[in-house]
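A closer look at the structure
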Amino acid sequence: MKPITRFSGELPNRYFMKDNSPWLFLEPYVQMVRKRKRLLLYNTVSKVAVEYMVSRSLAKLADSLLDPSNGYVVRLAPGQLKEVEIQEFITRLRQEFMGDLLDPDWSAGKPATIFPEPMVKFGFNPLPIQQTAVKPAIDLRNYLQEITLFLNSAGQETEDLYRTAFRQFSYPACVTDNKEEMDIDLFRRMIKEVNNYTPTLIHLSGENLARYPFLNEVIGIMAASPFQKKYHLLAVNLDKELISMILSQKHTTLSLYIRFPVQPGTLTTLLQSLPEEKLLKRLEFNLIVSNQGELQQAIEIAGTLDRSNIFFKPLFTGMNLDFFRENVFVSREEILASQPDQQQLFSRISINENDFGKLWILPGGKVFANLNDPEIGEATTETLVQLVSRELNNGISWRRIRKDVIPCKHCVFQFLCPPISSYEIFMNRFNFCDVSQNEKNP
């Protein structure tokens, strides 16, 4: 077998002959997508992206390369090599180390490379038909990553501006048809099941945990859990005794949510109530903002606290889309600057990274994979294995990806963008960007 010859400079004349045209291949670390007249190639090693407006001939060539049966390798016809657009395309591929040409004489057969597609060891594969008491249908350690238990809720009658916040981010106050409190026996069973199966991040949340009648027992149960715990509370509902009870546990974080307006000195007083300075490292501060004034206050507070565990949580009120456009939406440049690697791209092609492996359980026992989607089952009558199996087989939350939603499915940036967020699902708007206009939601 002759050695592989890669070309530089102009192609020899013999490669324009009928039986001597070379093979064109793409490197396996390159991702390519074509949508209508746009073509994007992304080098996951160098993080370089190249975008084209394509003609019919280049589109045909790109589609051939994208055909998995071709394995990222196609034979070029002499007529293709004469087209300036294709010549420029090949030149750019070689400049960016995305692909090259191979001499047709080096082998009697077609060259082989690896077509870049994800191989999911544990994902949306057909589940075993049967299970036994000894061996469940699935191993939860491969799927369940986080579980959120709401211990109490507000009723639908509440007129709180923040009544939809829990559907946008991890806000500690869910709204149900009527006020509810989780049965303590249900809580015990859920934690026991989690502890038996998988090292999971356990979130404890609710309309006001301080009002939950079994809070002391909950804290005691959680103290015995070996896994990471995170309590979510509104800062206005916090007191010194509750801080001590929660942060005395190992592997525990307290996530506080601060609403505006905030009275001067409120956070200072809160921090002074900490029993130990070192506990600051186990506190998270979430500043909820819905307009420019609140955002400016939040920036000033963050500067005063000068800590890394401060997060801004935008709140969509239904009347502040301009605020989201200015502060939440991303530009084409920001999307390209994110520079995901190959593993991240494969993940985004396969699953929704924001939702996969997460369950939310309301006080009455209803279970969701995303709080904006239909419930997947009832914790009061079903096990975690049953609930996770249903989401894997029939759910929509864990498998919601950009190539399946409008307008992202028509956009070449679909795999460079971050996973679909709860904000987008709640607002029914899947382009928080300036790349593609959403005609349905201007």
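Our structure is the block above this text.
The present account deals with the structure reproduced in this document. (Residues numbered from 1 in each chain as written. Predicted model: local features only at pLDDT ≥ 70, side-chain atom pairs only at ≥ 80, totals over all residues. Heavy atoms only, no water.)

A short note on the overall build of the protein chain
Formally: Numbering of helices and strands runs from the N terminus; a helix is a DSSP stretch of H or I covering at least four residues, while a strand is a stretch of E covering at least two. For every residue, the accessible area obtained with a 1.4 Å probe (protein chains only) is divided by the maximum for its type, and the residue is called buried under 20%, exposed over 50%, and partly exposed between those limits. Contacts: residue pairs with any heavy atoms within 4.5 Å of one another. Here the Shrake-Rupley method, with its probe set to 1.4 Å, supplies the accessible areas, and only the displayed protein chains count as covering residues.
The number of helices and strands found in the protein chain is 13 helices and 17 strands. Looking at the 442 residues of the protein chain, the share that counts as buried comes to 52%. For the protein chain, the proportion of contacts with a sequence separation of at least 24, taken over those separated by at least 6, is 70%. Here the protein chain has roughly 22,100 Å² of accessible surface; of this, 51% comes from carbon and sulfur atoms.

A closer look at the pairing of strand 15 (residues 358-361)
The criterion, for reference: Two strands qualify as a pair provided DSSP detects at least 2 bridges between them.
Side chains of strand 15 alternate between two faces, with Lys-358 and Trp-360 and Leu-359 and Ile-361 buried alike. Pairing between strand 7 (residues 146-150) and strand 15: 4 bridges, direction parallel. Among the inter-strand pairings, Leu-149 is bridged to a residue of strand 15, identified as Ile-361. The sheet contact formed by strand 15 and strand 16 (residues 366-368) spans 2 bridges and is antiparallel. Among the inter-strand pairings, Trp-360 is bridged to a residue of strand 16, identified as Phe-368.

Some remarks on helix 8 (residues 292-305)
Residue pairs three or four apart in sequence face the same way in an α-helix, which turns once every 3.6 residues. Put simply, the test is: A helix is expected to span 1.5 Å multiplied by its residue count minus one. To obtain the arc, one takes the directions from the helix axis to the C-beta atoms. Side-chain atoms alone can form a polar contact between residues adjacent in sequence; in general such a contact is a pair of N or O atoms within 3.5 Å, and within protein one must be able to donate a hydrogen while the other accepts it.
End to end, helix 8 covers 20 Å across 14 residues, agreeing with the expected 20 Å (1.5 Å per residue, within 8%). Burial in helix 8 covers these residues: Glu-294, Leu-295, Ala-298, Ile-301, Ala-302 and Leu-305. One side of helix 8 carries all its buried residues, which in axial view fall inside an arc of 120°. In helix 8, the exposed positions that point more than 90 degrees away from the buried face belong to Gly-303 and Thr-304. Buried residues along helix 8 sit against helix 7 (266-272), strand 13 (283-289), strand 14 (310-314) and helix 9 (321-327). Regarding helix 8, its N-cap is Asn-291, as a side-chain oxygen of that residue lies 3.1 Å from the backbone nitrogen of Gly-293 further along.

Focus: the pairing of strand 11 (residues 229-234)
Our working definition: A crossover counts as right-handed when, viewed with the strands pointing away from the observer, the path leading from the first strand over the helix to the second turns clockwise.
A large share of strand 11 lies buried, amounting to 6 of its 6 residues. Neither face of strand 11 is exposed, since Lys-229, Tyr-231 and Leu-233 on one face and Lys-230, His-232 and Leu-234 on the opposite face are all buried. Pairing of strand 10 (residues 201-205) with strand 11 involves 3 bridges; the strand directions are parallel. Opposite His-203, over in strand 11, you have Lys-230 as the bridge partner. Chirality of the crossover, the property in question, places the unit of strand 10, helix 5 (residues 215-223) and strand 11 among those that are right-handed. Both strand 11 and strand 12 (residues 252-258) contribute to a ladder of 6 bridges, which runs parallel. Residue pairing across strands places Leu-233 opposite Leu-256, the latter belonging to strand 12.

Some remarks on helix 3 (residues 84-95)
The terminal C-alpha atoms of helix 3, which comprises 12 residues, lie 16 Å apart, in line with the 16 Å expected from a rise of 1.5 Å per residue. Residues of helix 3 that are buried sit in contact with strand 1 (23-26), strand 3 (38-43), strand 4 (49-53), helix 1 (56-66), helix 2 (78-81) and strand 6 (99-102). Count one or two residues on from helix 3 and you reach Phe-97, which has phi positive near 55°.

Here's the deal with the state of the cysteines
Cut-off, in case you're wondering: Note on terminology: disulfide denotes any pair of cysteine sulfur atoms within 2.5 Å.
Applying the stated rule across the entire model yields 0 disulfides. The thiol sulfur of Cys-408 is not disulfide-bonded, and the nearest other cysteine sulfur, from Cys-417, lies at 6.5 Å. On the basis of relative accessible area, Cys-408 is assigned to the buried category, the value being 7%. The thiol of Cys-411 is unpaired, and the distance to the nearest cysteine sulfur, on Cys-417, comes to 6.1 Å. Residue classification places Cys-411 among the buried residues on the basis of a relative accessible area of 13%.

Things to note about the sheet that holds strand 17 (residues 377-378)
Definition in use: A fitted line through C-alpha atoms represents every axis, and for helices the fit uses only the stretch in contact; the resulting angles, taken between N-to-C directions, go from 0 to 180 degrees.
On the basis of which strands lie adjacent, the open sheet formed by 9 strands has the order 14-13-12-11-10-7-15-16-17 and mixed pairing. If you trace the sheet from one side to the other, it starts and ends with strand 14 and strand 17, each paired once. Helix 6 (residues 240-247) rests against strand 11, strand 12 and strand 13 of the sheet, and its axis sits at about 145° to strand 12.

Re the packing of helix 1 against helix 3
Definition in use: Orientation is classified from the angle alone, with under 35 degrees giving roughly parallel, over 145 giving roughly antiparallel, 65 to 115 giving roughly perpendicular, and any other angle giving oblique. Polar here means any residue outside two lists: the nonpolar Ala, Val, Leu, Ile, Met, Phe, Trp, Tyr, Cys and Pro, and the charged Asp, Glu, Lys and Arg; Gly therefore counts as polar.
Between helix 1 and helix 3, whose axes approach to 9 Å, the crossing angle comes to 45°. On the basis of their axis angle, the class for helix 1 and helix 3 is oblique. Contacts from Ser-57, Leu-58, Leu-61 and Leu-65 of helix 1 reach helix 3 at Glu-85, Ile-86 and Phe-89. Split by residue class, the contact of helix 1 with helix 3 holds 5 nonpolar, 1 polar and 1 charged.

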